[in-house]
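# Topology and contacts: notes
In case you want the letters, here they are:
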Amino acid sequence: MHNVETFRDLQREATEWRRYLHENPELDFQEHNTAKFVTEKLASFGINHIETGIAETGIVALIQGEGGDGPTIGLRADMDALPIVEASNKPWSSKNPGIMHACGHDGHTAMLLGAAKYLATTRNFKGSVALIFQPAEEPEFPSGGFRMVQEGIMDRFGISQVFGMHIYPGIDIGKFGICPGPIMGSQDDFDIVVKGKGGHAAGPHRTIDPVVIAAQIILGLQCLVSRKTDPLESLVISVTKLSAAQAYNIIPDHVEISGTVRTLLPGLRDFAEQEMLAVAQGIARGFGADVEFKYLRSVPPTINHSEQTKLAITAAQDLVGFASVNDAVKVSLGAEDFAYMLEARPGAYILLGNGPTADCHNPAFDFDDEALSYGIGYWVKLVETALPV
Ligand code: NI
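First things first, this report covers the structure right here in the doc. Sequence order as written defines residue numbering, which begins from 1 separately in each chain. Only residues with pLDDT of at least 70 get local features here, since the model is predicted, and only at 80 or more are side-chain atom pairs given and counted; chain-wide, interface and lining totals rely on the full set of residues. The basis for the side-chain values is all heavy atoms of the structure; hydrogens and waters are excluded.

Attention now moves to the side chain of Gln-134. Working definition: helices are DSSP H or I runs of at least four residues, strands are E runs of at least two. Numbering for both runs from the N terminus. Assignment of secondary structure puts Gln-134 in strand β4 (residues 128-134). Throughout, a residue-residue contact means that at least one pair of heavy atoms, one from each residue, lies within 4.5 Å. Once you skip the residues sitting within four places of it in the chain, Gln-134 turns out to touch Arg-76, Ala-77, Asp-78, Met-79, Gly-144, Gly-145, Met-148, Asp-337 and Met-341.

With the exception of glycine, most residues fall at negative phi, and the peptide bonds are largely trans. Here the residue pair Phe-141 and Pro-142 is connected by a cis peptide bond, since its omega of -5 degrees sits within 30 degrees of zero. Here Pro-142 is to be found in the loop between β4 and α4 (144-150). With phi around 65 degrees, Phe-29 is a residue other than glycine that occupies positive phi space. Relative to the elements of secondary structure, Phe-29 occurs in the loop between α1 (8-23) and α2 (32-44).

Next up on the list: the packing of aromatic side chains. Any two of the Phe, Tyr and Trp rings considered here, Trp counted by its six-membered ring, make a pair once their centres fall within 6.5 Å; the pair's planes then place it as stacked at under 30 degrees, edge-to-face at over 60, or tilted in between. Tallying each qualifying case throughout the model produces nine aromatic pairs. Ring geometry for Phe-7 and Tyr-118: centres 5.1 Å apart, planes at 55 degrees, overall tilted. Placement of Phe-7 in the segment before α1 and of Tyr-118 in helix α3 (residues 105-122) is noted, with a sequence separation of 111 residues between them. On the numbers, 5.5 Å between centres and 40 degrees between planes, the contact of Phe-176 with Tyr-378 is tilted. One end of the pair, Phe-176, is in strand β6 (residues 176-177); the other, Tyr-378, is in helix α10 (residues 372-386), and 202 residues separate them in sequence. You can call Phe-176 buried: its relative accessible area is 2%. The structure contains a cluster of three or more aromatic residues connected by ring pairs, namely Phe-141, Phe-146 and Tyr-340. The rule for a charge over a ring is simple: NZ of Lys or CZ of Arg within 6 Å of the ring centre, and within 35 degrees of the ring normal. It is Arg-19 that lies over the ring of Trp-92; its NZ or CZ is 3.7 Å from the centre. Note that Arg-147 overlies the ring of Phe-29, its terminal NZ or CZ placed 4.8 Å from the centroid. Using a 1.4 Å probe on the protein chains alone, a residue whose accessible area is under 20% of its type maximum counts as buried, one over 50% counts as exposed, and one in between counts as partly exposed.

Structure, rendered in structure tokens:
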């Protein structure tokens, strides 16, 4: 038995690693220095099965337990930073201008390294642990998690279950949040071009004004959410880009509308794609205009499997006690590319409290290192719970 105190020494070490990574952030698929740092650390823990260069800069390392044969479970951390100018004012602020660890991936990497060191020393489990350090969690399709799955890591390393973790500002340090089923949303994007007929702004009857048609399409999309979607199911359609010509006295010949679609249910993605096209086309045709419609599928919803969610809850409760694990956490429609790994194998994704920091993706964000021992402890507990000797 061990509680979080067991991991305090490792926390001190992981804090140094985390701050080094924070100072040296790298963008998606360019995590070369980060990958080198991770690989050297893993080797220094006595781990000799390390494969690098997966999906550009990704790494998978295997640790075998001393409890005999058994399945292999995957633990995943992400390594990429964001194109943000840091404003945390910490001594370990980014040394790479315009790039910043604003989503805690520095902490995720440090926590999985901490767990690797502990597990490689104790090996108190049967079967194997596959440590997955993935590049490029943040970008849209094809992101790093997708590419690692495409490159066959699940089959190649014999991974039968896979687990992810993300820090969460607003949940207290030392607490966890999880739920079975959908926990994060999908992310799809769309482009609509409304093609009318331009002309003099003083003679609208001689044009087909795409600006007015675009305005109706935008409202029509919102009515799809409010009038055609089951109110107990979540669908968000946000128009985020709108562009027409720039003159006061010219009606343009086309208008471009773009935005994002989020949902927790895979079926609602098909619904959104079909119905958005129908609304845009129907409104445009009613006024004699045409539309071009593109629906771009990116990350699917992150959906926790029930059996692995129970394992995750048991492991977290073992570490911090029953009352500190919220097993019905409020879901978010933010997207997470760990979803691809959960499509490939059963598993669970858990949120780890990071206290009252700034929000993720905010220039003032910084990972609170007090969370490190909880993250390390969770990984260790999870392995020893899922692969008992
Ligand atoms: Ni993130």
